Amino acid sequence: VGHCHPHVVKAAHEQNQLLNTNSRYLHDNLVDYAGRLAKTLPEKLCVFYFLNSGSEANDLALRLARQYTKHEDVIVLDHAYHGHLTSLIDISPYKFRNLEGQKEWVHVAPVPDTYRGLYREDHEDSVTAYANEVRNIIEQAHTRGRKIAAFLVESLPSVGGQIIPPAGYFQKVAEHVHKAGGVFIADEIQVGFGRVGKHFWAFQLQGEDFIPDIVTMGKPIGNGHPIACVATTKEIAEAFAATGVEYFNTFGGNPVSCAIGLAVLDVIEKEHLQAHATEVGNFLMKLLKEQKIKHPIIGDVR
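Residues numbered from 1 in each chain as written. Predicted model: local features only at pLDDT ≥ 70, side-chain atom pairs only at ≥ 80, totals over all residues. Heavy atoms only, no water.

An unreviewed UniProt entry lists the chain under the name AT2L2 lyase, with Rhynochetos jubatus as the source organism. If you open the UniProt record of the chain and go to Cofactor (unreviewed entry), you find "pyridoxal 5'-phosphate". As stated in UniProt under Sequence similarities (unreviewed entry), the record for the chain gives "Belongs to the class-III pyridoxal-phosphate-dependent aminotransferase family." (UniProt positions renumbered as here; feature names shortened; annotations may be inferred.)

Asker: Go over the overall build of the chain, please, and point to the residues and values.
Answerer: Looking only at helices and strands, the chain has 10 helices and 7 strands in total. Against the globule reference of 19 Å for 302 residues, the chain gives a C-alpha radius of gyration of 20 Å, in line with a compact fold. Taking the principal axes of the C-alpha coordinates as reference, the chain spans close to 60 × 55 × 35 Å. For the chain, buried positions account for 49% of its 302 residues. The long-range share in the chain, meaning contacts at least 24 apart out of those at least 6 apart in sequence, stands at 72%. Accessible surface for the chain amounts to roughly 15200 Å². Of this, 53% is attributable to carbon and sulfur atoms. (Helix = DSSP H or I, 4+ residues; strand = E, 2+ residues; numbered from the N terminus. Rg over C-alpha atoms; globule rule 2.2 N^0.38 Å. Buried < 20%, exposed > 50% of the residue type's maximum accessible area, 1.4 Å probe, protein only. Contact = heavy atoms within 4.5 Å. Areas by Shrake-Rupley, 256 points an atom, 1.4 Å probe, with all protein chains shown as cover.)

Asker: Break down the environment of proline 212 for me, with residues and values.
Answerer: Inspection of the secondary structure puts proline 212 in the loop between strand S5 (183–187) and strand S6 (214–217). In this structure the C-alpha to C-alpha distance between proline 212 and lysine 44, which are 168 residues apart in sequence, comes to 9.3 Å. Setting aside its immediate chain neighbours within four residues, proline 212 contacts Lys44, Leu45, Phe184, Ala186 and Phe203.

Asker: Please set out the sheet that holds strand S4 (residues 148–154) residue by residue, giving values where relevant.
Answerer: Read from one edge of the open sheet, 7 strands run S1-S7-S6-S5-S4-S2-S3, paired in mixed fashion. Among the strands making up the open sheet, the edge pair consists of strand S1 (47–51) and strand S3 (106–109). For this sheet, the mean inter-axis angle between neighbouring strands, taken without regard to orientation, is 20°. Pairing of S5 with S6 involves 3 bridges; the strand directions are parallel. Residue pairing for S6: aspartate 187 is matched across the bridge by threonine 216. On top of the sheet, helix H2 (residues 28–38) reaches S1, S6 and strand S7 (228–232); it is set at about 120° to S1, its chief contact. Strand contacts of helix H7 (residues 169–179): strand S2 (73–77), S4 and S5, with the helix running at about 140° to S5, the strand carrying the most contacts. (Pairing = 2+ DSSP bridges. Axes fitted to C-alpha atoms, helices over the stretch in contact; angles between N-to-C directions.)

Asker: Outline the pairing of S4, supporting the account with residue identities and numerical values.
Answerer: Burial of S4 is extensive: 7 of the 7 residues sit out of reach of the surface. Looking at chain direction, S4 and S5 are connected through 5 bridges and run parallel. Across the sheet, phenylalanine 151 pairs through a bridge with phenylalanine 184, a residue of S5.

Asker: I'd like to hear about the environment of arginine 66, residue by residue, with values.
Answerer: Mapped onto the elements of the fold, arginine 66 is located in helix H3 (residues 54–69). Among all residues touching arginine 66, those that are not within four sequence positions of it are His71, Glu72, Val74, Trp105 and Ala149.

Asker: Let's hear about H3: which residues, and what values?
Answerer: Under the 1.5 Å per step criterion, the end-to-end length of H3 is 22 Å for 16 residues, consistent within 8% with the ideal 22 Å. Buried within H3 are the following residues: Gly54, Ser55, Ala57, Asn58, Leu60, Ala61, Leu62, Leu64, Ala65 and Thr69. (Expected span 1.5 Å × (residues − 1).)

Asker: Describe the pairing of S2, naming the residues involved and giving the relevant values.
Answerer: Across the 5 residues of S2, 5 count as buried, placing the element largely inside the fold. Because side chains alternate across S2, one face comprises the buried residues Asp73, Ile75 and Leu77, and the other comprises Val74 and Val76, equally buried. As paired elements, S2 and S4 share 3 bridges and run parallel to each other. Bridging from a neighbouring strand, isoleucine 75 pairs with phenylalanine 151 of S4. With 4 bridges connecting them, S2 and S3 associate as parallel partners. Counted as the bridge partner of valine 74 is valine 106 from S3.

Take a look at the structure:
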């Protein structure tokens with residue numbers, strides 16, 4: 001929403017002057033903020049955990065998935081990066097290939113890139129072909145006695161090259177993952193909060209019939225302030241709570257962070273930033289596509 005946006009700065013300053021508590025204590029800001037976020041998401045995603053960073057959010061998403069499914073293995077896309085914690089370096093091919101390599105519980109699927117990937121624009125059904133790659137990985141894992149806990153994917157793979165997955169890919173993948181007893185985690189840390197213009201969340205580009213089981217948020221959520229969130233279903237949250245080991249985070253969901261989160265949503269709404277993203281995006285795409293026609297060296301514009 002722009003560097004030092006006055007509305008966000010004011011919200012932080014005013015809340016900072018009051019008693020600051022941790023999330024063991026009830027505070028209106030936390031509940032109000034969860035309510036505001038809930039309005040942007042499908043109804044099914046109605047339980048919120050607040051944290052301090054996108055890495056923390058993805059780590060918690062893994063814990064939720066494993067507790068709910070009682071499985072361990074994770075499927076990710078090639079070139080993916082999901083955060084800097086040890087648990088996330090392990091599922092980030094972008095990082096682990098230069099470090100300790102691939103763990104036995106990690107499975108890497110090809111990026112659904114119809115420009116440079118395995119199945120391209122000229123393929124008769126690239127969506128099914130890419131989804132079948134995930135199905136094959138699941139089948140191979142099962143032959144080795146492995147069980148899938150989650151498929152974790154950035155809704156638009158960013159480090160992997162700003163890839164826009166073909167519509168319908170998530171639905172088909174989710175079908176295979178659910179059949180294997182796993183859950184679908186959409187990482188919206190870089191691409192959420194209206195940045196894709198047409199929708200508030202990038203996973204919504206796949207169509208209204210697609211709903212992830214878990215959504216993680218970070219980066220733009222606090223306009224530079226350290227706040228993050230995991231949204232999930234009641235069923236998954238209840239399975240997580242059933243362990244008796246409550247989720248607690250000293251700073252996650254504190255009143256200052258939630259005041260900032262609320263202020264960011266105010267600005268996105270009042271200044272019509274989602275519509276602005278669409279307008280500026282369309283303008284840039286139009287001009288860049290004109291350049292693509294002029295210059296054969298430009299292969300694709302994303």
